[in-house]
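Summary of structural features
Chain by chain, the residues:
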Amino acid sequence: MNEILKNVLIIKLSAIGDVIHALPVSYAIKETFPSARVTWVVEPPAYDLIKMNPCVDRIILFRKKEFKTFGGLLKNFLPFRKEIQLENYDAVLDLQGLFKSAAIAFFAKSPQKFGTCNMREMSDKISTPVIGENSEGHIVDRYLDTARAIGCKIGKVVFPLEVPPEEIRKADAITEHAGLRKGNPYVIFAIGANWANKRWPTESFAELSDWFYNLNVVPVMIGSGAVDEQRAAEIESLIEIPPINLVGKTNLMQLTHVIKNARLVIGGDTGTVHLAAGLGVRVVMLMGPTDANRNGPYGQKQNAVEVNRECRGCWQRACPKGEDCLAAITVQFVERLVDRD
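Anyway, here's the lowdown on the structure attached to this text. As the structure is a prediction and not an experimental result, all values here were calculated from the model. Sequence positions are assigned chain by chain, starting from 1 and proceeding in written order. The model is predicted, so local features are restricted to residues of pLDDT at least 70 and side-chain atom pairs to those at 80 or more, both for listing and for counting; the totals for chains, interfaces and linings are taken over all residues. To get the side-chain values, all heavy atoms of the structure are used, and hydrogens and water are removed first.

It is worth spelling out the overall build of the protein chain at this point. Secondary structure elements are taken from DSSP: a helix is a run of H or I of four residues or more, a strand is a run of E of two residues or more, and numbering for both begins at the N terminus. Each helix and strand in the protein chain was counted, giving twelve helices and twelve strands. Here the C-alpha radius of gyration of the protein chain, 21 Å, is about what a compact globule of 341 residues would show, namely 20 Å. Seen along its three principal axes, the alpha-carbon backbone of the protein chain occupies a region of about 60 × 45 × 45 Å. In this description, contact between two residues means that some pair of their heavy atoms is separated by no more than 4.5 Å. Taking the contacts inside the protein chain whose residues are at least 6 apart along the sequence as the reference set, 62% of them involve residues at least 24 apart. If you sum the accessible surface of the protein chain, you get close to 15,800 Å²; carbon and sulfur atoms cover 50% of it. Every radius of gyration here is taken over C-alpha atoms, with the globule rule written as 2.2 Å times N^0.38, N being the number of residues. All accessible-area figures derive from a Shrake-Rupley calculation using a 1.4 Å probe, and residue coverage is judged against the displayed protein chains alone.

When two rings of Phe, Tyr or Trp (its six-membered ring) have centres within 6.5 Å they constitute a pair, described as stacked for plane angles under 30 degrees, edge-to-face for angles over 60, and tilted for the intermediate range. Applying the stated rule across the entire model yields nine aromatic pairs. Ring plane angle 80° and centroid distance 6.4 Å describe the contact between Trp195 and Trp315, whose orientation is recorded as edge-to-face. Remark: Trp315 occurs in the loop between β12 (304-306) and α12 (331-339) and Trp195 occurs in the loop between β7 (186-190) and α7 (202-214); sequence separation between them is 120 residues. A 1.4 Å probe rolled over the protein chains alone gives each residue an accessible area, and that area as a share of the maximum for its type sets the label: buried under 20%, exposed over 50%, partly exposed in between. Residue classification places Trp195 among the buried residues on the basis of a relative accessible area of 11%. Residue class for Trp315 comes out partly exposed when judged on its relative accessible area of 33%. Taken together, the aromatic side chains of Phe189, Trp200, Phe205, Trp211 and Phe212 make up a single cluster linked through ring pairs. Over the ring of Trp195 we find Lys198, and its NZ or CZ is 4.3 Å from the ring centre. Here, over-ring charges are defined by two tests on the NZ atom of lysine or the CZ atom of arginine: distance to the ring centre within 6 Å, and angle to the ring normal within 35 degrees.

Our focus in this paragraph is unusual backbone geometry. The phi angle of most residues is negative, glycine excepted, and most peptide bonds adopt the trans form. In the segment running from Ser14 into Ala15, the intervening peptide bond is cis, with an omega of -10°. Take Ala15: it is sitting in the loop between β1 (7-11) and α1 (16-32). With a phi angle near 60°, Trp315 is a residue other than glycine that sits in the positive phi range.

Right, let's talk about the nonpolar core for a bit. Grouped together as the largest cluster of nonpolar side chains are 63 residues, with contacts concentrated most on Val25, Ile29, Trp40, Leu49, Ile150, Ile188 and Val265. Ranked by the residues each element gives to this core, the list is headed by α1, at seven residues. Counting 28 residues, the second largest nonpolar core, distinct from the first, contains Ile191, Trp211, Met221 and Leu337. Only buried residues count toward a nonpolar core. Its members are Ala, Val, Leu, Ile, Met, Phe, Trp, Tyr and Cys residues joined through side-chain atoms within 4.5 Å.

Glancing now at the packing of helix α6 (residues 165-178) against helix α9 (residues 252-260). Axis angles are defined between N-to-C directions and span 0 to 180 degrees, where every axis is a line fitted to C-alpha atoms and, for a helix, only to the segment in contact. Two numbers describe how α6 lies on α9: the axes approach to 8 Å, and their chain directions differ by 70°. In terms of orientation, α6 lies roughly perpendicular with respect to α9. Contact residues: α6 offers Glu167, Ile168, Lys170, Ala171, Asp172, Ile174 and Thr175, while α9 offers Met253, Gln254, His257 and Val258. Three residue categories are used. Nonpolar comprises Ala, Val, Leu, Ile, Met, Phe, Trp, Tyr, Cys and Pro, charged comprises Asp, Glu, Lys and Arg, and polar comprises the others, including Gly. Of the residues in the contact of α6 with α9, the class split is five nonpolar, three polar and three charged. Any angle that falls under 35 degrees is termed roughly parallel, while one over 145 is termed roughly antiparallel, one within 65 to 115 roughly perpendicular, and all others oblique.

So, on to the sheet that holds β7. Ordered by their spatial adjacency, six strands build an open sheet running β9-β8-β7-β10-β11-β12, and the pairing between neighbours is parallel. The open sheet has two edge strands with one neighbour each: β9 (244-245) and β12. Note that strand β11 (residues 283-287) and β12 share three bridges and pair parallel. The partner of Leu286 across the bridge, within β12, is Val305. Relative to the sheet, α9 contacts β7, β8 (218-222) and β10 (264-268), its axis offset from that of β7 by approximately 130°. Across the sheet, helix α10 (residues 271-278) lies against β7, β8, β10 and β11, angled at about 145° from β11, the strand it touches most. Paired strands, as defined in this entry, are two strands with at least two bridges between them according to DSSP.

A side-chain nitrogen of Lys or Arg and a carboxyl oxygen of Asp or Glu constitute a salt bridge if their distance falls within 4 Å. Under the counting rule described, the total for this entry stands at seven salt bridges. Of the charged contacts, one joins Asp145 and Arg148 as a salt bridge, the two residues approaching to 2.8 Å between their closest N and O atoms. Pair noted here: Asp145 and Arg148 are both in helix α5 (residues 139-149), with a separation of three residues, about one helical turn. A salt bridge links Glu323 to Arg309, with the nearest nitrogen and oxygen atoms 2.9 Å apart. Highlighted residues: Glu323 in the loop between β12 and α12 and Arg309 in the loop between β12 and α12, separated in sequence by 14 residues. Ionic contacts of the salt-bridge type, sharing partners, join the residues Arg37, Arg58 and Glu87 into one network.

Spelled out as structure tokens, the structure:
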């Protein structure tokens, strides 16, 4: 495709980590076609990420929960389809590659519809899979192959995110109220993950917290939801001086600012660690059921720690053997990795 693109639709709905991985596509479009209008369809959990993206001109919110009942489908289908069809697109990029994103791509008015190399649930019947040079590589590069398919020239890989000034002020107030003094060096513990076998044991986080305090570096816990709150409480109960607890206390924009100013972020294969890598913050990613080649911290593969098990990279949400997957990664190993640079 060599013509000038004026209007492009990106469909990448969730989860937060996956949406982060897709951000460079919007930058690539704007870098190649500066006057192009970019529309992004996203679900509510990742909405703030796209709202912070200066390369996106229009956001369409897909509220999946409202379509789950028959009554909800009847009520919301026509208005949503109308919103999708308000514009004609020169190209549609389905970066989700599932039935729900294929349904959106189907109703979008465009002569060109592309998707990634690993599309599922019949989505490849609506959008053409792009089997590019990175089809076996990192997911960020696989997404960028779809941008190449519509004529984008990929120069620098950029994760475009700009935190609004009012959210920066709120984030600073929240961290100070939690006990983090301005100017103090800090590291972030991303203590949770959607999959149980992506979570490092709370005992390991507690031991590492003591180590950082001895270095005069403040550990800060982040996360959200009941599971992360329980894990934070467990960590606090295990040590005399617990980390600063920001679990559930920030929105995604505020958390982006907190992460951006950290010395280091440590956690599993989860959205906040990928966010840190995209922001250029050094990370240590502890990996078990997923593999670093596809899902490691982008640009920091050397900082991916894959568990020493033959079954690593199984892509199972729960361990079939009933083992605590990441427990095999010792605190001392992580300490040595942190000390390496």
